[in-house]
Amino acid sequence: MTDSLLIAIDGPSGSGKSSTSRGVAQRLGLAYLDTGSLYRAAAIVFLESGLDAAQTELITELVTTAKIEPGTDPLHPSTTVNGRDVTEAIREPRVSEKVSVVATILPVRQWLNERFRSIIDAQDRRIVVEGRDITTVVAPDADLRVLLVADPAARIARRQAELGGQVDASAVTDQVVRRDRDDATVSQFEQPAEGVELVDSTHMGLDEVIETICAMVPGRES
Ligand SMILES: Nc1ncnc2c1ncn2[C@@H]1O[C@H](COP(=O)(O)OP(=O)(O)OP(=O)(O)O)[C@@H](O)[C@H]1O
Ligand SMILES: Nc1ccn([C@H]2C[C@H](O)[C@@H](COP(=O)(O)O)O2)c(=O)n1
């Protein structure tokens, strides 16, 4: 049996977690779990329910009875809700605007955390998992734990470039800065916890970040 290799990567919005984690997983032959994609899928369930954000018990019931399934192939990220492919829909600005509503409901977080742990086990712990609280709550026992950060200006510019100018600057700033502020009320991703490696990607290209993290894997240090 191949040795387990669980890599946990956290960081604020737009710091490069998804792109970096997919690259590291591809390079090391690991599976990949984007935990934010499940929070986003839960946000779709909430948005389509017509419920008010204050109806947290009803939102929790709906989300925790939905069948939310993430793919774990780093080459082909995918997410389904009750069998429907929502891979593209979860990236829409309306979802980014509202995802913190579900992400700040603690029973939803507890339910999702159990899902994440069972997916990690189903992959024999050979997986890169990224999010906001993977290094601290979901997998504090990971073989490598990284907090990936970048200056807010760099993160906003990256997100703006990704959206190809289709969303105005204040909406992009909201998606990055306001969302981090809301998300930080339930997770600690601004400072590395003890034993977590800090990587600042502000002035690093994607390949350099991937290379840096691969070199931190126990047994691969140069
Ligand atoms: N080191 C880098 N240098 C320049 N651009 C980058 C770098 N890392 C990622 N990017 C780009 O920045 C954008 C955001 O990256 P990504 O989606 O990986 O961030 P994220 O941390 O997962 O964001 P979110 O938490 O909001 O989902 C993407 O367009 C990506 O290609
Ligand atoms: N472990 C996680 C992962 C994600 N979230 C929340 C915070 C984000 O606003 C949202 C979407 O994540 P993204 O796609 O931007 O990485 O999900 C969280 O609270 N904990």
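These lines cover the structure that appears in this document, whether it is placed above or below. This structure is a prediction, so every number in the text was calculated from the model and none was measured. (Residues numbered from 1 in each chain as written. Chains lettered and ligands numbered in written order. Predicted model: local features only at pLDDT ≥ 70, side-chain atom pairs only at ≥ 80, totals over all residues. Heavy atoms only, no water.)

A word on the layout of surface pockets
Thought 1: Considering only enclosed or pocket space, the largest pocket measures out at about 1,000 Å³ in volume.
Thought 2: If you trace the largest pocket, you find 47 residues lining it, with Ser18, Arg40, Arg91, Arg159 and Glu162 closest to the centre.
Thought 3: Only helix 1 (17–28), strand 2 (31–34), helix 2 (35–49), helix 4 (93–103), strand 6 (126–131), helix 7 (152–162), helix 8 (169–183) and helix 9 (206–216) provide two or more residues apiece to the lining of the largest pocket.
Thought 4: Its residues assigned to classes, the lining of the largest pocket comprises twelve nonpolar, 20 polar and 15 charged. (1 Å grid on protein atoms, 1.4 Å probe; cavity = no way out; pocket = protein on both sides within 12 Å on 5 of 7 lines; lining within 4 Å. Points joined across faces, edges and corners; volume = space filled by probe spheres on them. Helix = DSSP H or I, 4+ residues; strand = E, 2+ residues; numbered from the N terminus. Nonpolar A, V, L, I, M, F, W, Y, C, P; charged D, E, K, R; others polar.)

Let's talk about the site of ligand 2
Thought 1: Taken together, 14 residues form the shell around ligand 2, and within it Arg40, Arg109, Arg132, Arg179 and Asp183 come nearest.
Thought 2: Thr35 places a side-chain nitrogen or oxygen 3.1 Å from a nitrogen atom of ligand 2.
Thought 3: Interatomic distance of 2.8 Å between a side-chain N/O atom of Arg179 and an oxygen atom of ligand 2.
Thought 4: In the complex, the protein chains occlude 98% of the 440 Å² of accessible area that ligand 2 would expose alone.
Thought 5: Mapped by element, the contributors of at least two residues to the shell around ligand 2 are helix 2, helix 4 and helix 8.
Thought 6: By residue number, the principal contributor to the shell around ligand 2 is helix 2, which donates four residues.
Thought 7: Tallied by class, residues from the shell around ligand 2 come to four nonpolar, three polar and seven charged. (Near = heavy atom within 4 Å. Polar contact = N/O pair within 3.5 Å; in protein donor to acceptor, adjacent residues only side chain to side chain. Areas by Shrake-Rupley, 256 points an atom, 1.4 Å probe, with all protein chains shown as cover.)

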